[in-house]
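A closer look at the structure
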Amino acid sequence: MSDKITITFPDKSTKQFDAGVTGAQIAEGISRGLAKNALAISVNGEVWDLSRPIKTDSAINIHTWNSLEGKSTYWHSSAHLMAEAIEAVFPGTKFGIGPSIENGFYYDLDLGDHSLTTEDLKLLEEKMTEFSKRDVPYERREVSWEEAVQYFQKKGDQYKLELLEGFKGEQISMYHQGNFTDLCYGPHVPSTGKIKFIKLLSIAGAYWRGSEKNKMLQRIYGITFPTKQELDEYLFRIEEAKRRDHRKLGVELELFLLTPKVGAGLPIWLPKGTILRETLEKFLREEQRKRGYLPVITPHIGNLELYKTSGHYPYYKDSQFAPITMESGEQFLLKPMNCPHHHQIYASKPRSYRDLPLRLAEFGTVYRYEQSGEMNGLTRVRGFTQDDAHIYCAQDQLKDEIKRTVELTQLVFHTFNMSVTTRLSYRDDKNTEKYGGNTEYWERAQREIKEVADEMGLNYFIGVGEASFYGPKIDFMVKDAIGRTWQLGTVQVDYVMPERFELEYIGSDGQKHRPVIIHRAPFGSMERFVGLLIEHYAGEFPVWLAPVQAVVMPITDAQFEYAQSVVQRLKEAGLRVEIDERNEKIGYKIREHELKKIPYMLVVGEKEKQIDSVSLRQHKKGDIGVVSVAEIIKRLSEENSVYSHTN
């Protein structure tokens, strides 16, 4: 009689199976539907192929397309299918890496002298579809390191041989499907027939292993889906994302400027973009004032020793600008974070429990040396402004303060009609060298943010390994108008910095105590948030945010003086208004301002002049009718409220 093992299911129920049972067999035992839709299985937290035998007691979770693990496995398998098609169409291709990514997959390739074209992508799609229909299995084989080296030496693929150098002496896993074999840890879907609808999206360049010292390879991005409807919906979202691209709209709407003469990743805010940004800042400053935050301003640089004390310099050294060394030998660093400066404010005088909580807030500009290939418009830059705040509180105040910061962050995203999910970002206990502080503090902080999330009824999931080096976080994952998810606001609990900076307060017992620090930033970074906001609204901002809320257009010079008086009255009411006095036809002006996405156009002719009114047009809605100036001031003033458009 064979040995038995105990399998624990996600609902904590258990069942015994023969040792060597596979995920496919377990799925079949549950239902035919699950067996048909299953793509992979987690065994004690590690994602496996469904065909791998399970030999010991294990906790399992079977993954379908509806899980992140299922999608990742599906897209990783699609990368291998694409590689097989590439090898068939372009024999002798050498392969770099081909992982799944957040949406789809890519493979890095060395095709010698051949430069890929869009026609090549169509040909490869057809070949992938052909190979998919054969429905052959993905087969895992474990071999010795020497056998793997021998295989890729014979094939002449120096990239795989270079990867193997990092696994010398280890057992190596390889995967085979159809006529293609690859070095791979896995997992993969059961067979190629699972991969139904295919689209190869684009071609890019990528340095081998991310180093500019290495050869530039060609990278193909692709995506696959089980149904045509899902593929069509994704392609629609791609086109919609292009239409909303903040880099394009930022130029068209004259919001910001990126120029190599200033430097990559260092945006310049143009007048209209500055108005947009200042409007956002004004909104948050007012909400912070209501909640007892105190505004501060700190320098753009600091002594290097400050960041050594905080730990930012060793932990973030690779992403920071090089220290500035003076003739005296003193070294300074462009500020990578605001918090060490704020800690100096706290430590500048003795603190009592009566001073707590102390809430310090700053729109502080920081600098990170992002790699050139990672920068992207406003969403990934080298100089950015955080809506940063640090709350110094006693232990018994901590949970209430976390709740208040969560409430403020939720208010911010509700104001922009964005749906939010929450990630509790924990430490990875298998990689503790990445983090500061002791285990007791970490466990306490993680317990506290989970208690807050439960008490507030937050929709959250746990992300192991996503914590900052000094503490766990509540990260807010925001979904924009076309369904893309962004990580924006964050609330972090920190027991480490009070120790590093020896921060203290005198408690009601007359003894010295360490405060706890909460780091929070609802917007995250002004640059990234504005970039997202441009795309969320497709540049069609609500009136309260629009840099230009209305434009007044006289039909002829005879109405110019009256048009100027209308502009002046609107400005006196606190509205942002321009006048278009160009000698152009009114239809031309209307079309142009529609493209500029101005919320309201006020056309002034002789009739409107005589009755102190305007002919009102609204962006995308057209002619509203003749409205008195007093009425338009009332209407725009009401819409100029930050909360006028929220649900």
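The rules behind these values
- Residues numbered from 1 in each chain as written.
- Predicted model: local features only at pLDDT ≥ 70, side-chain atom pairs only at ≥ 80, totals over all residues.
- Heavy atoms only, no water.
- Phe/Tyr/Trp six-rings, centres within 6.5 Å; stacked < 30°, edge-to-face > 60°.
- Helix = DSSP H or I, 4+ residues; strand = E, 2+ residues; numbered from the N terminus.
- Buried < 20%, exposed > 50% of the residue type's maximum accessible area, 1.4 Å probe, protein only.
- Disulfide = S-S within 2.5 Å.
- pLDDT = per-residue confidence, 0-100.
- Core = buried A, V, L, I, M, F, W, Y, C linked by side-chain atoms within 4.5 Å.
- Contact = heavy atoms within 4.5 Å.
- Pairing = 2+ DSSP bridges.
- Expected span 1.5 Å × (residues − 1).
- Axes fitted to C-alpha atoms, helices over the stretch in contact; angles between N-to-C directions.

Observations regarding the packing of aromatic side chains
- The final tally for this structure, using the stated rule, is 22 aromatic pairs.
- On the basis of an interplanar angle of 85 degrees and a centroid distance of 6.2 Å, the ring pair of tryptophan 75 and phenylalanine 225 is categorised as edge-to-face. Placement of the pair is tryptophan 75 in helix H3 (residues 68-89) and phenylalanine 225 in strand E15 (residues 216-225), with a sequence separation of 150 residues.
- Taking 5.3 Å as the distance between ring centres and 70 degrees as the angle between the ring planes, the aromatic pair formed by phenylalanine 416 and phenylalanine 529 counts as edge-to-face. Placement of the pair is phenylalanine 416 in the loop between helix H13 (398-415) and strand E24 (419-426) and phenylalanine 529 in helix H16 (residues 526-537), with a sequence separation of 113 residues. Exposure class is identical for phenylalanine 416 and phenylalanine 529. Each is buried.

Some words on the state of the cysteines
- Summed over all chains, the structure comprises 0 disulfides.
- Note on cysteine 393: no disulfide assigned, nearest cysteine sulfur contributed by cysteine 339 at a separation of 15 Å.
- With relative accessibility at 0%, the residue cysteine 393 sits in the buried group.

A closer look at the confidence of the model for the protein
- Put simply, the protein has an average pLDDT of 93, and 99% of its residues get 70 or more.
- Of all secondary-structure elements in the protein, the lowest mean pLDDT belongs to helix H11 (residues 312-316), at 77, while strand E18 (residues 294-295) reaches the highest, 98.

Description of the nonpolar core
- Within the largest apolar cluster, 55 residues are counted, with the highest numbers of intra-cluster contacts made by Leu280, Ile402, Phe416, Phe523 and Leu545.
- Beyond its immediate chain neighbours, meaning those up to four positions away, phenylalanine 523 contacts Leu280, Phe283, Leu284, Asp387, Val412, Phe416, Leu488 and Phe529.
- Trp65, Phe180, Ile220 and Ile223 belong to the second-largest nonpolar core, a separate cluster that totals 32 residues.

Observations concerning unusual backbone geometry
- Glycine 186 connects to proline 187 through a cis peptide bond whose omega is 0 degrees.
- Relative to the helices and strands, proline 187 is located in the loop between strand E13 (180-183) and strand E14 (197-207).
- Here leucine 356 and proline 357 are connected by a cis peptide whose omega angle stands at -5 degrees.
- Inspection of the secondary structure puts proline 357 in the loop between helix H12 (339-346) and strand E22 (358-367).
- At asparagine 44, a residue that is not glycine, the phi angle is positive and equals roughly 55 degrees.
- Structurally, the position occupied by asparagine 44 is in the loop between strand E4 (40-43) and strand E5 (46-48).

Brief notes about the sheet that holds strand E19 (residues 301-303)
- Strands sit in the order E19-E21-E20 across an open sheet of 3 strands; the sheet is antiparallel. Whereas interior strands pair on both sides, the edge strands pair on one side only; in this sheet they are E19 and strand E20 (324-325).

Side note on H3
- Taking 1.5 Å of rise per residue, the 22 residues of H3 would be expected to cover 32 Å, and the 31 Å separating its terminal C-alpha atoms lies within 8% of that figure.
- Extensive coverage of H3 is indicated by the burial of 16 of its 22 residues.

Details of the sheet that holds strand E35 (residues 622-628)
- In space, the 5 strands of this open sheet follow the order E32-E31-E33-E34-E35, with mixed pairing throughout. In the strand order of this sheet, the two ends are held by strand E32 (577-579) and E35, each with one partner. In this sheet, neighbouring strand axes are inclined to one another by 25 degrees on average, regardless of whether the strands run parallel or antiparallel.
- Taken together, the 3 bridges between strand E31 (residues 550-554) and E32 define a ladder with parallel strand orientation. Opposite valine 552, over in E32, you have isoleucine 579 as the bridge partner.
- Each of E31, strand E33 (600-604) and strand E34 (613-618) touches helix H18 (residues 586-595); the most contacted strand, E31, lies at about 170 degrees to it.
- Helix H20 (residues 629-639) contacts E31, E33, E34 and E35 of the sheet and is inclined by roughly 120 degrees relative to E35.

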